[in-house]
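# Commentary on secondary and tertiary structure
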Amino acid sequence: MKPLTEKQLNEIRQIVQTGRVLTSESDRFSYAYDASFGTYLPDVVIQTKDVQELAELVKFANRELIPVYPRGQSTSLSGGPLPVKGGMVIDLSVMNDLLEIDEEDLVAIVSPGVLTADIHKAAEKKGLMYPPDPSSSHVSTIGGNLAENSGGPRGLKYGVTKDYVIGLEVITPQGEIIRTGGRTVKNVTGYDLTKLIVGSEGTLGIITKAILRLIPKPPASETVMAIFDSLVDAGRAISRILTSGILPAKMELLDQASMVAVENYQPSGLPKDAEALILIELDGHPIAVRDEAEQVFRVCREIGAREVRVPQTKEEKEQAWKARKLVSPAIVRVKPTKISEDATVPRSKIPEMCRRLQEIKKKYNIDLVVFGHIGDGNLHPNIIADKSDKEEMRRVEKAVAEIFEAAVELGGTLSGEHGIGVMKAPFMEMELGAAGLEMMKRIKQAWDPNNIMNPGKIFPEPGQKLVLSE
């Protein structure tokens, strides 16, 4: 794409009367990256809270064929907000003023720049819960969660972001402001555009307001920690629990490499010599969750768990879950570059996927750590590497491709919650097939014929490959 001209920048400045237009190189470099790979310099960054100004900007961009990249806090692990073709970045993190909880309608009305954790806190003050809880919720915006259809540990029982969005305000690629859905749980009027837009990664428009469904907060919860000498046994225990009539709120796995990394980072009493640890949270009525915790305890023992712990106090429960939260910061101390994937497989294929991951780790001689939301099959194979080591990064590229192939071969998917962005675009046809991918392209073409909204994402360019070694 050609850089924006001074005339175009002046027109943008005339449109943005209440916000800021950033054009200095230092400002633009601040918006050139996210939590994935690559650096792409935009021509201009715009901050405004005014929806009408945003709509006028998009109309201008559509007329001038300027790429538009909506962006929240850029915690994306797939390259979703990267301005890969230059153009304008819209910083939606400044739109953080609207956070209303309606207890009667059981909804939250939010603007896109509100932090997800702030929605959790506001709902809990009213005895309610917004279930999606991505690990980055303390820094990620709800707008980014909506764009990527984020999940989190509670996805096993409660689902992902799209399951709690019932209405949206959206600026279309033509600069029109439309509203989809509403405040009612039941709404079958016409096509469900809300579900289409959530998870479209900013390729169909800019979300400027969302209505989120809330639920009553469960009154009690219990945690069970089980330690296994065999990763396969851990997988069997998970299958047995899920087929015994119990649906945990969370079910997380740490493999041996994860536990060793955590113990070397902040000792938490985890066994370095065990192959796997599963953490389970049960929520609901106090009597029911105590009974379910006892059942989970028995199942893990029967399968052959070396040790099963049931924390009794709030502090003990928090300590148990702290170990899970420490995995990400712990593993990057081993090597500086982390490639975090979220390939997801059917629950029945979890043991086989674990086996395939171990084969890939050995075949390419890579530092592969496996942890994540094991209960819903959303594994997080993380590869720890050093991007200055080109030879290692080429091995990592091959390993990542093989992880995706394994997930798809087992009936799974490229992404459970991180989105496609740039990183996984080259593999889309492998999962969807040529006809399936073409149908998605037709939807994009119908919505955005000039391809101005977040171009370069989801759909692969001809010959595009995953490149981590440059």
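That block above? That's the structure.
Residues numbered from 1 in each chain as written. Predicted model: local features only at pLDDT ≥ 70, side-chain atom pairs only at ≥ 80, totals over all residues. Heavy atoms only, no water.

Let's shift gears to the pattern of salt bridges. For the coordinates displayed, the defined rule picks out 34 salt bridges. When salt bridges that share partners are traced, they join Glu 352, Arg 355, Arg 356, Glu 359 and Glu 409 into one network. (Salt bridge = Lys/Arg side-chain N within 4 Å of Asp/Glu carboxyl O.)

Turning our eyes to something else, we now look at the packing of helix α8 (residues 231–242) against helix α10 (residues 286–303). Angle between the axes and distance between the axes: these two values describe a pair of packed helices. Running from N to C, α8 and α10 point in directions that differ by 140°, and their axes come no closer than 9 Å. Judged by the sense of rotation from one axis to the other, the crossing of α8 with α10 is right-handed. On α10, the residues that touch Asp 233, Arg 236, Ala 237, Arg 240 and Ile 241 of α8 are Val 296, Val 299, Cys 300, Glu 302 and Ile 303. Of the residues in the contact of α8 with α10, the class split is six nonpolar, no polar and four charged. (Axes fitted to C-alpha atoms, helices over the stretch in contact; angles between N-to-C directions. Helix = DSSP H or I, 4+ residues; strand = E, 2+ residues; numbered from the N terminus. Left-handed = near helix turned anticlockwise from the far one by under 90°. Contact = heavy atoms within 4.5 Å. Nonpolar A, V, L, I, M, F, W, Y, C, P; charged D, E, K, R; others polar.)

Bringing the sheet that holds strand β12 (residues 220–228) into the picture now. With respect to topology, seven strands assemble into an open sheet ordered β15-β12-β14-β13-β17-β18-β16, the strand pairing being antiparallel. Of all the strands in the sheet, just β15 (307–309) and β16 (337–340) have a single pairing partner and so form its edges. Taking the axes of each pair of neighbouring strands and ignoring which way they run, one obtains an average angle of 20° across the sheet. Judged from the seven bridges that link them, strand β17 (residues 367–373) and strand β18 (residues 378–385) form a sheet pairing that is antiparallel. Paired with Val 370 across the two strands is Pro 381, which belongs to β18. Across the sheet, α10 lies against β12, β14 (276–284) and β15, angled at about 5° from β12, the strand it touches most. Contacts between helix α14 (residues 390–409) and the sheet are confined to β16, β17 and β18, with β18 contributing the most and set at about 170° to the helix. (Pairing = 2+ DSSP bridges.)

A few words now on the packing of aromatic side chains. Two descriptors summarise a pair of aromatic rings, namely the distance from one centre to the other and the angle between the planes of the rings. Using the criterion set out here, one finds two aromatic pairs in the structure. Between Tyr 130 and Tyr 164 the ring centres are 6.3 Å apart and the planes differ by 80°, which places this aromatic pair in the edge-to-face class. Pair noted here: Tyr 130 is in the loop between β7 (128–129) and α5 (142–148) and Tyr 164 is in the loop between α6 (155–158) and β8 (165–171), with a separation of 34 residues, a long-range link. A relative accessible area of 4% means that Tyr 164 is categorised as buried. Over the aromatic face of Trp 321 sits the side chain of Lys 250, whose NZ or CZ is 4.9 Å from the ring centroid. (Phe/Tyr/Trp six-rings, centres within 6.5 Å; stacked < 30°, edge-to-face > 60°. Buried < 20%, exposed > 50% of the residue type's maximum accessible area, 1.4 Å probe, protein only. Lys NZ or Arg CZ within 6 Å of the ring centre and 35° of its normal.)

Another aspect to go through is the pairing of strand β6 (residues 107–110). Neither face of β6 is left uncovered, since the one carrying Val 107 and Ile 109 and the one carrying Ala 108 and Val 110 both have all their residues buried. Judged from the four bridges that link them, strand β5 (residues 99–102) and β6 form a sheet pairing that is antiparallel. Paired with Glu 100 across the two strands is Ile 109, which belongs to β6. Between β5 and β6, which follow one another and run antiparallel, lie four residues, and Leu 106 among them has a positive phi close to 55°. Sheet analysis places β6 next to strand β10 (residues 206–213), joined by four bridges and oriented antiparallel. The residue bridging Ile 109 from the neighbouring strand is Ile 211, located in β10.

Positive phi is not limited to glycine here, since Leu 65 has a value of about 60°. With respect to the helices and strands, Leu 65 occurs in the loop between α3 (51–64) and β3 (68–71). Phi angles above zero are rare outside glycine, and Ser 74 is one such case at about 55°. Inspection of the secondary structure assignment puts Ser 74 in the loop between β3 and β4 (88–91).

Moving on to a nonpolar patch on the surface. On the surface, Leu 196, Met 439 and Ile 443 cluster together into a nonpolar patch covering about 230 Å² of accessible area. Along the chain, the position of Met 439 falls in helix α15 (residues 428–447). (Patch = residues over 30% accessible without salt bridge, like charges linked within 9 Å, V, L, I, M, F, W, Y side chains within 5 Å. Areas by Shrake-Rupley, 256 points an atom, 1.4 Å probe, with all protein chains shown as cover.)

Quick look at a positive patch on the surface now. Taken together, the side chains of Lys 387, Lys 390, Arg 394 and Lys 398 define a basic patch exposed on the protein surface. With respect to the helices and strands, Lys 387 occurs in the loop between β18 and α14. On the basis of relative accessible area, Lys 387 is assigned to the exposed category, the value being 52%. (Lys, Arg positive; Asp, Glu negative; His and termini not counted. Charge placed at Lys NZ, Arg CZ, Asp CG, Glu CD.)

This part covers the packing of helix α1 (residues 6–15) against α3. Between α1 and α3, the shortest axis-to-axis distance is 9 Å and the interhelical angle comes to 160°. Regarding the angle of α1 to α3, the classification is roughly antiparallel. Crossing angle aside, the handedness with which α1 passes α3 is right-handed. Along the contact surface, α1 presents Gln 8, Glu 11, Ile 12 and Ile 15, while α3 presents Glu 53, Glu 56, Leu 57, Phe 60, Arg 63 and Glu 64. The class makeup of the residues in the contact of α1 with α3 is four nonpolar, one polar and five charged. (Parallel < 35°, antiparallel > 145°, perpendicular 65-115°, else oblique.)

Okay, the sheet that holds strand β9 (residues 177–181) next. On the basis of which strands lie adjacent, the open sheet formed by five strands has the order β5-β6-β10-β8-β9 and antiparallel pairing. Two strands bound the open sheet, and with one partner strand each, they are β5 and β9. Taking the axes of each pair of neighbouring strands and ignoring which way they run, one obtains an average angle of 15° across the sheet. Its contacts with the sheet place helix α4 (residues 116–125) against β5, β6 and β10, and it is angled at close to 35° to β5.

Bear in mind that shape data such as this cannot, by itself, settle questions of function.
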